[in-house]
Amino acid sequence: MSTSITYDLRPIDQTELDAAHKLELACYSVEAAATRESFAFRQQHFPGYFWSAWQNNELIGLSCGVRTDESSCESDAVKSAHSAETGGNHLVILSVAVAPEYRSSGIGTALMRALIEQAQSDRLASIVLMCEQHLIAFYEGLGFEYAAVSASTHGGIEWHEMRRVI
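Predicted, not measured: the structure shown is a model, and the values here were computed from it.

Engineer: I'm lost on the packing of helix H1 (residues 17–27) against helix H2 (residues 36–45) in this one. Help?
Structural biologist: Between two packed helices, what matters for the description is the angle formed by their axes and the separation of those axes. H2 packs onto H1 with a crossing angle of 125 degrees between their chain directions and a minimal axis gap of 10 Å. If you check the angle between H1 and H2, you find them oblique. Considering only the axes of H1 and H2, their crossing is right-handed. Along the contact surface, H1 presents Leu17, Asp18, Ala20, His21 and Glu24, while H2 presents Arg36, Phe39, Ala40 and Gln43. A class-by-class count of the residues in the contact of H1 with H2 yields four nonpolar, two polar and three charged.

Below is the structure:
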């Protein structure tokens, strides 16, 4: 895929959550994917932290997270995202999904930068996330540091915790 594709990057609207959930299910196993209800919670309570990439009215990428008082995302409870604190000083990124045919085109980077810029604007202390091993280098390229293998086994996956201090 060419890195010169054009797309619109913007916060997702409540009316677009079905498309977001469909993309999530295309990128993650059912066990690891966020539920439609989790997406509704994230969009309602943290709209500035739910970004989308669109091309020709098709959702091709999304990224979202929640603010919390927790400086780690190793707990599986954090993945449910229904106990997050709207005034929390840390951002936990919970989903980054790019349609398979658009991967390696810069969309994931652009979506992550939108979350990072919002966290910086809100003067948060840090951003944390869990990723699979093959994505560690991607997040390191965005200024994240490797923390450890996570205690979480969400979706039956071995997760690796990454952290970026702001």
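Engineer: For this particular structure, what's the right way to read the layout of surface pockets?
Structural biologist: It is a probe the size of a water molecule, rolled over the atoms, that shows where empty space is left. The computed volume of the largest pocket comes to approximately 580 Å³. Every residue lining the largest pocket is counted, 26 residues in all, and those nearest its centre are Val96, Val98, Arg103, Leu135 and Tyr139. Contributions of two or more residues to the lining of the largest pocket are made by strand E4 (90–98), helix H4 (107–121), strand E5 (126–131) and helix H5 (136–140). Of all the elements, E4 adds the most residues to the lining of the largest pocket, at six residues. Of the residues contributing to the lining of the largest pocket, the split by class is 16 nonpolar, seven polar and three charged.

Engineer: Explain the environment of methionine 112 to me, please; I cannot follow it from the model alone.
Structural biologist: Tracing the backbone shows methionine 112 in helix H4. Sequence-wise, methionine 112 and arginine 36 are 76 residues apart; in three dimensions their C-alpha atoms are separated by 21 Å. When near neighbours in sequence (up to four residues on either side) are disregarded, methionine 112 contacts Ile93, Val96, Leu129, Phe138, Tyr139, Leu142 and Phe144.

The rules behind the values
- Residues numbered from 1 in each chain as written.
- Predicted model: local features only at pLDDT ≥ 70, side-chain atom pairs only at ≥ 80, totals over all residues.
- Heavy atoms only, no water.
- Axes fitted to C-alpha atoms, helices over the stretch in contact; angles between N-to-C directions.
- Helix = DSSP H or I, 4+ residues; strand = E, 2+ residues; numbered from the N terminus.
- Parallel < 35°, antiparallel > 145°, perpendicular 65-115°, else oblique.
- Left-handed = near helix turned anticlockwise from the far one by under 90°.
- Contact = heavy atoms within 4.5 Å.
- Nonpolar A, V, L, I, M, F, W, Y, C, P; charged D, E, K, R; others polar.
- 1 Å grid on protein atoms, 1.4 Å probe; cavity = no way out; pocket = protein on both sides within 12 Å on 5 of 7 lines; lining within 4 Å.
- Points joined across faces, edges and corners; volume = space filled by probe spheres on them.

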